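Coordinates in review
Read off the chains here:
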Amino acid sequence: MYRSKDGNALTVKVFDRAKWLGVTALALVALTVSGCYSGTDAPAKKSAPGPSVIAPGKPGEPARTLSAEDAAKEVPDGSPNGADFEYVEMMIVHHGQALEMTELAKHQAKSSGVKRIASRIAAGQRPEIDAMKGWLKNHGGGRRTSGDAGSGHNHDHATMPGMATEAQLKQLRAARGVAFDELFLKLMIMHHNGAIVMATSALSDGNNVQVEEMANEVIAQQTSEISRMRAMP
């Protein structure tokens, strides 16, 4: 479903649906107000053409001139689709593994830098998990269709990019000191890159503005943390 790249953080440029919605809505409001106002001495016009809207194009596309009616029809409704649900459900599991790894760092890491980045990751991803669970609750719960209830986690771990294998987690649990630090950074950088791949796919295939905002936050936060981890000696 997803393809990992060369291990480097991804730079992502996406269409900001929320911004497009805001610009279009403002244009419609402005035109509606101007269309409703007229001076008391202005003569009535018959069959006057309606106001037009300059609709900003998506990246690589020119702006278009639309009637107010056509512009209103083109505003996306923002209803979540299957890609939105899949992203949220899988990212909850993905974040959960990251929290398991950061918990180990409290007592097994030697480097104070590793302990700090682990604490930073945990502090960022716990509230993100809560936000995603809240989103699911507000939209009627999960809608996974792949795998069955009994094999959900195994299926998730096998298909999500960046997830550590059980063998890698076992090795991390057994490691101490410098050996733990090195393996933790290796696995967490891989894990973060996988999350960026997933978030990028959600931005491309999803339809919900809230999911888009969460995915953009994941990309920004985890790209920054990858840079911090790569800079560690």
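A brief structural summary. Think of each chain on its own: its residues are numbered from 1, step by step along the sequence as written. For this predicted model, a pLDDT threshold of at least 70 governs which residues receive local features, and a threshold of 80 or more governs which side-chain atom pairs are given and counted, while totals over whole chains, interfaces and linings are taken from all residues. Remark: hydrogens and water are excluded; side-chain values derive from all non-hydrogen atoms of the structure.

The next point concerns the packing of aromatic side chains. Stacked, edge-to-face and tilted labels apply to pairs of Phe, Tyr and Trp rings (six-membered ring for Trp) whose centres lie within 6.5 Å, assigned for plane angles under 30 degrees, over 60, and everything in between, in that order. The full count for this structure, using the stated rule, is two aromatic pairs. Look at Phe180 and Phe184: their rings are 5.8 Å apart centre to centre, the planes differ by 20 degrees, and that puts the pair in the stacked class. Taken together, the positions of Phe180 and Phe184, both in helix α7 (residues 177–205) and four residues apart, correspond to about one turn of that helix. Relative accessibility thresholds used throughout: buried, under 20% of the residue-type maximum; exposed, over 50%; partly exposed, between the two (1.4 Å probe, protein chains only). Classification of Phe184 as buried rests on a relative accessible area of 0%. A run of DSSP states H or I qualifies as a helix once it reaches four residues; a run of E qualifies as a strand once it reaches two. Both are numbered from the N-terminal end.

A word on the nonpolar core. Definition of nonpolar core: a set of buried residues of the types Ala, Val, Leu, Ile, Met, Phe, Trp, Tyr and Cys, connected through side-chain atoms within 4.5 Å. Formed by 48 residues in total, the largest nonpolar core has its most connected members in Tyr87, Val88, Leu172, Phe180 and Phe184. Of all the secondary-structure elements, those providing two or more residues to this core are α3 (82–108), α4 (112–138), α6 (166–174), α7 and α8 (209–230). With 13 residues, α7 is the single largest residue contributor to this core. The contact partners of Leu172, leaving out residues within four places of it in the chain, are Met101, Leu104, Gln108, Phe180, Leu183, Phe184 and Leu187. For this analysis, residues touch if any pair of their heavy atoms sits within 4.5 Å.

Below, the discussion takes up α3. Multiplying one less than the number of residues by 1.5 Å gives the expected span of a helix. Its 27 residues place the ends of α3 40 Å apart at the C-alpha level, agreeing with the 39 Å of an ideal helix rising 1.5 Å per residue. Residues adjacent in sequence count toward polar contacts only when both atoms are side-chain atoms; beyond that, a polar contact is any pair of N or O atoms within 3.5 Å, and within protein one must be able to donate a hydrogen and the other to accept it. A distance of 3.1 Å separates the backbone nitrogen of Ala83 from a side-chain oxygen at the start of α3, and that oxygen is part of Asn81.

A separate point is the side chain of His191. Within the secondary structure, His191 is located in helix α7. In terms of polar contacts, His191 uses its side chain to reach the side chain of Gln97, at 3.3 Å. For His191, the contacting residues outside a window of four places in its chain are His94, Gln97, Ala98, Met101, Gly162, Met163, Ala164 and Gln222.

Helix axes are fitted to C-alpha atoms over the stretch in contact, other axes to C-alpha atoms as well, and angles between N-to-C directions run from 0 to 180 degrees. Remark: α7 packs on α8, axes separated minimally by 9 Å, with the N-to-C direction vectors making an angle of 155 degrees. Between α7 and α8, the angle is such that the two are roughly antiparallel. Where α7 crosses over α8, the handedness of that crossing is left-handed. Note on element contacts: α8 touches α7 through Glu212, Ala215, Asn216, Val218, Ile219, Gln222, Thr223, Glu225, Ile226, Met229 and Arg230, opposite Leu185, Met188, Ile189, His191, His192, Asn193, Ala195, Ile196, Ala199, Thr200, Ala202 and Leu203. For this classification, Asp, Glu, Lys and Arg are treated as charged, while Ala, Val, Leu, Ile, Met, Phe, Trp, Tyr, Cys and Pro are nonpolar and the rest, including Gly, are polar. Taken together, the residues of the contact of α7 with α8 break down into 13 nonpolar, seven polar and three charged. In this scheme, roughly parallel covers angles under 35 degrees and roughly antiparallel covers those over 145, while 65 to 115 is roughly perpendicular and the rest are oblique. Here is the rule for handedness: rotate from the far helix to the near one, and if that takes an anticlockwise turn smaller than a right angle the crossing is left-handed, while a clockwise turn gives right-handed.

A word on the pattern of salt bridges. Salt-bridge detection follows one rule: a side-chain nitrogen of Lys or Arg within 4 Å of a carboxyl oxygen of Asp or Glu. Taken as a whole and assessed by the stated rule, the structure comprises five salt bridges. For the salt bridge of Arg173 with Glu100, the shortest nitrogen-to-oxygen distance reads 2.7 Å. Taken as a pair, Arg173 in helix α6 and Glu100 in helix α3 lie far apart in primary sequence, 73 residues in all. Looking at Arg173, the relative accessible area reads 31%, which means it is partly exposed. For Arg126, the salt bridge is made with Glu103, and the minimal N-O distance between the two is 3.9 Å.

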